[in-house]
Amino acid sequence: MDIEFEIAGTTFIRHDAKARDNERKHGVEFSEAVTVLYDPLLVLTDSGEGAEVRDKAIGFSAGGRLLTVVHIEIDGEFIRIISAWGASVAE
């Protein structure tokens, strides 16, 4: 089931089960992950596979952790969080 929430005027959507799996696997809640998108020094790269355009943001969360967040913007209306994890040295 999709969960919609808003932070600083931006609407985000996450899949509830995938968000729980992500937290269990990577130790990152999507509610923290979205705060990376407000880091003024974030690095944004293309993370697309196939026809879907995905972006990968690397930056600091509001909690001070350096995270990688894969997301897609849909029709300029909202951002869907796909996955998030602690950024690696290589990233």
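Calculation criteria
- Residues numbered from 1 in each chain as written.
- Predicted model: local features only at pLDDT ≥ 70, side-chain atom pairs only at ≥ 80, totals over all residues.
- Heavy atoms only, no water.
- Core = buried A, V, L, I, M, F, W, Y, C linked by side-chain atoms within 4.5 Å.
- Buried < 20%, exposed > 50% of the residue type's maximum accessible area, 1.4 Å probe, protein only.
- Helix = DSSP H or I, 4+ residues; strand = E, 2+ residues; numbered from the N terminus.
- Contact = heavy atoms within 4.5 Å.
- pLDDT = per-residue confidence, 0-100.
- Pairing = 2+ DSSP bridges.
- Axes fitted to C-alpha atoms, helices over the stretch in contact; angles between N-to-C directions.

**Q** Teacher, can you tell me more about the nonpolar core here?
**A** Nonpolar side chains tend toward joint burial in soluble globular proteins. If you look at the biggest cluster of nonpolar residues, it comprises 14 residues, and the most contacted ones within it are F12, V69, I81 and A84. Among the secondary structure elements, those contributing two or more residues to this core are α2 (30–33), β5 (66–74) and β6 (78–86). Per-element accounting of this core gives the leading share, three residues, to β6. For V69, the residues in contact, after removing those within four places along its chain, are A33, V36, D55, K56, A57, I81, S83 and A84.

**Q** Looking at this model, I keep getting lost on the confidence of the model for the protein. Mind explaining?
**A** When pLDDT is low, close inspection of the predicted coordinates is not appropriate. A residue-level look at the protein finds 97% of positions with pLDDT of 70 or above and a mean pLDDT of 91. Least confident of the elements in the protein is strand β1 (residues 2–7), whose mean pLDDT is 88; most confident is strand β4 (residues 55–60), at 96.

**Q** I'm lost on the environment of I74 in this one. Help?
**A** The topology assignment puts I74 in strand β5. Taking the C-alpha atoms as reference points, I74 and A87, 13 residues apart in sequence, are found 24 Å from one another.

**Q** What is the right way to read the sheet that holds strand β3 (residues 43–46) from this model?
**A** The strands making up a sheet associate through hydrogen bonds between their backbones, and the pairing can be parallel or antiparallel. Taking strand neighbours across the sheet as the criterion, the six strands line up as β1-β2-β6-β5-β4-β3 in an open arrangement whose pairing is mixed. Unpaired on one side and paired on the other, β1 and β3 mark the two borders of the sheet. Across this sheet, the average inter-strand angle for adjacent strands is 35°, counted without regard to direction. For β3 and β4, the ladder comprises four bridges, and the chain directions are antiparallel. Counterpart to T45 in the pairing with β4 is K56.

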